[in-house]
Amino acid sequence: MKPVSSKQRGNRPDWYEYYINIAMAVRDRANCHGSKIGSILVLDNRILTTGYNGTPQDMQNCDEGGCDRCADRQTYSSGEAYDLCICVHAEQNTLLSAARFGISVEGADLYTTLQPCFGCTKELLQAKINAVYYLHDWKPSSSSLVSVLKKLHGRFPGGMKKIETDDPKQEWARSIT
């Protein structure tokens, strides 16, 4: 799949760049000690919901010691012990916000700052999301997962495409240890 370039219209940002920039602004609210991710759902050029990764509502945030995995990062390698992490992924929060407020997401496009993980990919397919546009690649920890993900990515009617644009906060947002 060919990445989508954000430089397609000269000085005026195209829709891809516009929406991915909003997803980058949303991730500023993320408080996880790992990656900070933001996502938005768009239908008919209208933003339906937004989400960022962090602990469930009304719980102590990661940066306040709320998540044991985040509080003890040196014990867990990247890609391990997600079953101990209480954080809700940005994509999940985007879908859950829509559900909470009775907003139908079928046929919507997701813009996210990190390619969705295996779990989020399955949930997006189940929610009948049309397409996924992402800023940064996500690398699964196992090679067997790569082939399964490739099959799942092909199930989005509008595909899964990487957006090529500058990310001035990339180092801050991708602080995986």
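It should be noted that the structure appears before, not after, this text.
For every chain, the first residue of the written sequence is number 1, and numbering continues from 1 along that sequence. A pLDDT threshold of at least 70 governs which residues receive local features in this predicted model, and a stricter bar of 80 or more applies before side-chain atom pairs are shown or counted, although totals over entire chains, interfaces and linings include all residues. With hydrogens and water excluded, all non-hydrogen atoms of the structure serve as input to the side-chain values.

Student: I'd love a proper account of the pattern of salt bridges, names of residues and values included.
Tutor: By definition here, a salt bridge exists when the distance from a side-chain nitrogen of Lys or Arg to a carboxyl oxygen of Asp or Glu is within 4 Å. Throughout the structure, instances matching the rule amount to 4 salt bridges. Between aspartate 167 and arginine 27 there is a salt bridge; the shortest N-O distance is 2.5 Å. Of this pair, aspartate 167 sits in the loop between strand S6 (159–164) and helix H6 (170–173) while arginine 27 sits in helix H1 (residues 15–27), and the two are 140 residues apart along the sequence. Relative accessible area serves as the criterion here: at 11%, aspartate 167 is assigned to the buried category. A salt bridge links lysine 162 to aspartate 137, with the shortest nitrogen-to-oxygen separation between them at 3.1 Å. Of this pair, lysine 162 sits in strand S6 while aspartate 137 is found in the loop between strand S5 (131–136) and helix H5 (143–153), placing the two residues 25 residues apart along the sequence. We classify aspartate 137 as partly exposed; its relative accessible area is 26%. One salt-bridge network, in which partners are shared between bridges, spans Asp137, Lys139 and Lys162. We count a stretch as a helix when DSSP gives it H or I for four or more residues in a row; a strand needs E for two or more, and each element gets its number in order from the N terminus. A 1.4 Å probe rolled over the protein chains alone gives each residue an accessible area, and that area as a share of the maximum for its type sets the label: buried under 20%, exposed over 50%, partly exposed in between.

Student: I'd love a proper account of the pairing of S5, names of residues and values included.
Tutor: Along S5, 6 of the 6 residues are buried, which leaves the element largely enclosed by surrounding structure. For the segment spanning strand S4 (residues 109–114), helix H4 (residues 118–126) and S5, crossover handedness is right-handed. Viewed with both strands pointing away, a crossover whose connecting path from the first strand over the helix to the second turns clockwise is right-handed. Between the parallel elements S5 and S6, the chain passes through H5 in a crossover that is right-handed.

Student: Pulling in residues and values, what's your account of the packing of helix H3 (residues 90–100) against H4?
Tutor: Simply put, an axis is a line fit to the C-alpha atoms, just over the touching stretch for a helix, and the angle between two N-to-C directions goes from 0 to 180 degrees. The N-to-C vectors of H3 and H4 enclose an angle of 25°; their axes lie 9 Å apart at closest approach. Considering the angle they form, H3 stands roughly parallel to H4. At the point where H3 passes H4, the crossing takes the left-handed sense. In contact with Glu91, Gln92 and Leu95 of H3, H4 contributes Cys120, Glu123 and Leu124. Convention used here: angles under 35 degrees read as roughly parallel, angles over 145 as roughly antiparallel, angles from 65 to 115 as roughly perpendicular, and any remaining angle as oblique. The sense of a crossing depends on the near helix, which, turned anticlockwise from the far helix by less than a right angle, makes the crossing left-handed and, turned clockwise, makes it right-handed. A contact between two residues is defined here by any heavy atoms of the two lying within 4.5 Å.

Student: Please set out the layout of surface pockets residue by residue, giving values where relevant.
Tutor: Detection works on a 1 Å grid of protein atoms alone, calling trapped sets that fit a 1.4 Å probe cavities and calling open sets with protein on both sides within 12 Å along at least five of seven lines pockets, with lining residues defined by an atom within 4 Å of a point. Grid points are joined across faces, edges and corners, and a volume is the space filled by probe spheres set on the points. Here the second largest pocket is characterised by a volume of approximately 380 Å³. Considering the residues around the second largest pocket, the lining is formed by 16 residues, among which Tyr52, Thr55, Pro56, Gln57 and Asn93 are closest to the centre. Listed by contribution, the elements that provide at least two residues to the lining of the second largest pocket are strand S3 (46–52) and H3. When residues in the lining of the second largest pocket are grouped by element, the largest group, 4 residues, is from H3.

Student: Account for the packing of aromatic side chains, naming residues and giving values.
Tutor: Only centres within 6.5 Å qualify two rings of Phe, Tyr or Trp (six-membered ring in Trp) as a pair; their planes then separate them into stacked at under 30 degrees, edge-to-face at over 60, and tilted for everything else. Taken as a whole and judged by the stated rule, the model has 6 aromatic pairs. A ring pair is formed by tryptophan 15 and tyrosine 19, whose centres lie 5.7 Å apart and whose planes are at 25°; its orientation type is stacked. Of this pair, tryptophan 15 and tyrosine 19 both sit in helix H1, 4 residues apart, which is roughly one turn of that helix. Judged by relative accessible area, tryptophan 15 falls into the partly exposed class, the value being 39%. For tyrosine 19, a relative accessible area of 2% gives the class buried. Taken together, the ring pairs in this structure connect Trp15, Tyr16, Tyr18, Tyr19, Tyr111 and Tyr133 into an aromatic cluster. Geometrically, a lysine NZ or arginine CZ counts as sitting over a ring once it is within 6 Å of the ring centre and also within 35 degrees of the ring normal. It is lysine 169 that lies over the ring of tryptophan 172; its NZ or CZ is 5.6 Å from the centre.

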